[in-house]
Amino acid sequence: MMPENTALIESLNTLKLGKKKKDYYQVSRILSKFDLIGLQEVMNEKGLKILKGNLEKITGKKWEYHISEKPAGSGEYKEYFAYIWQKEKVSLKETAGYYQEEKSSDFEREPYGVWFKIGEFNFVYVLAHSIYGKKERERILEASRYILVYEFFQRKFPLEKDVIIAGDFNLPADNRGFRKLLGHPDQIEYILNPDVDLTTLGKKSLVNSYDNFFISRKQIKEFTGRYGVYNYIKNNYEEIKAYISDHLPIYIEINTSKKGILHS
């Protein structure tokens, strides 16, 4: 049972939600464990509507969702970012939108952010889905630019310094590409251990640690230290990949009653 005055923030690469054949009820059962859910690889709004209906049936509570105004990507493949949350615990304060700088080619899919409030905790939740690319150096180059993303969303809301970046980075978080982000004065850290916390599914095992959270220990005092990969698999990897996703959900726990230094 979760302690009082806490909430779980989740991130999941959904594997083409709304387009690929899914067991939506089982996806919803998995997601019902969390309070605020960030989703990558959302192909259309249809899948979100189905999730919302199922989540309300499973939990007996009201849920809301938000989908990015346009898809991200280039060429034929594009995807949306989306959030879905338990209405009585979480509220959307303002949409921040996509990361935008003068160089529009910084990312294959520009990260997307929304300003949320959970109890006393206000923060910008930024979702990312990095390029996979034919060569690892393309992924490393994008990784080196997440410091720009962090600073962009802090500038977007000058009074709100709490920025959480999460998603599928297609690299382990200890890769040298994240060196600038991890060297930021705000003491940004990755949360999941890349050597232990595997998040992507192979044919018969978990194979990579591509999903993670980046948060500032200096700014975000509300992080309780509890985090994890929600591993519900019982050696049925191929079935899970076919009907759920090829990634596992990751999550962090935050204290919703504690006020950070810069919170009003």
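Residues numbered from 1 in each chain as written. Predicted model: local features only at pLDDT ≥ 70, side-chain atom pairs only at ≥ 80, totals over all residues. Heavy atoms only, no water.

Q: For the pattern of salt bridges, give the residues involved together with the corresponding values.
A: What the rule picks out here adds up to eight salt bridges. Here Arg217 makes a salt bridge to Glu189, at a shortest N to O gap of 3.0 Å. Of this pair, Arg217 sits in the loop between strand 12 (211-216) and strand 13 (223-229) while Glu189 is found in strand 9 (residues 188-190), placing the two residues 28 residues apart along the sequence. (Salt bridge = Lys/Arg side-chain N within 4 Å of Asp/Glu carboxyl O. Helix = DSSP H or I, 4+ residues; strand = E, 2+ residues; numbered from the N terminus.)

Q: Tell me about the pairing of strand 8 (residues 163-168), and please be specific about residues and values.
A: Looking along a regular strand, one sees side chains alternate from face to face of the sheet. In terms of residue burial, strand 8 counts as a mostly covered element, since six of its six residues are buried. Note: strand 7 (residues 121-129) against strand 8, six bridges, orientation parallel. Residue pairing in the sheet places Val124 in a bridge with Val163 of strand 8. By the bridge criterion, four bridges tie strand 8 to strand 12 in an arrangement that is antiparallel. By the bridge assignment for strand 12, Asp168 is matched with Asp211. (Buried < 20%, exposed > 50% of the residue type's maximum accessible area, 1.4 Å probe, protein only. Pairing = 2+ DSSP bridges.)

Q: Lay out the sheet that holds strand 1 (residues 6-17) in plain terms, naming residues and giving numbers.
A: What the six strands build is an open sheet, ordered 3-4-2-1-14-13; its pairing is mixed. Of all the strands in the sheet, the pair left with one neighbour each is strand 3 (63-67) and strand 13. With direction set aside, neighbouring strand axes in the sheet form an average angle of 20°. Across five bridges, the pairing between strand 2 (residues 36-42) and strand 4 (residues 80-86) is antiparallel. In the strand pairing of strand 4, Ile37 is matched with Ile84. Contacts from helix 1 (residues 24-31) reach strand 1, strand 2 and strand 3 within the one sheet, and its direction differs from that of strand 1 by about 155°. Its contacts with the sheet place helix 2 (residues 45-59) against strand 1, strand 2, strand 3 and strand 4, and it is angled at close to 165° to strand 3. (Axes fitted to C-alpha atoms, helices over the stretch in contact; angles between N-to-C directions. Contact = heavy atoms within 4.5 Å.)

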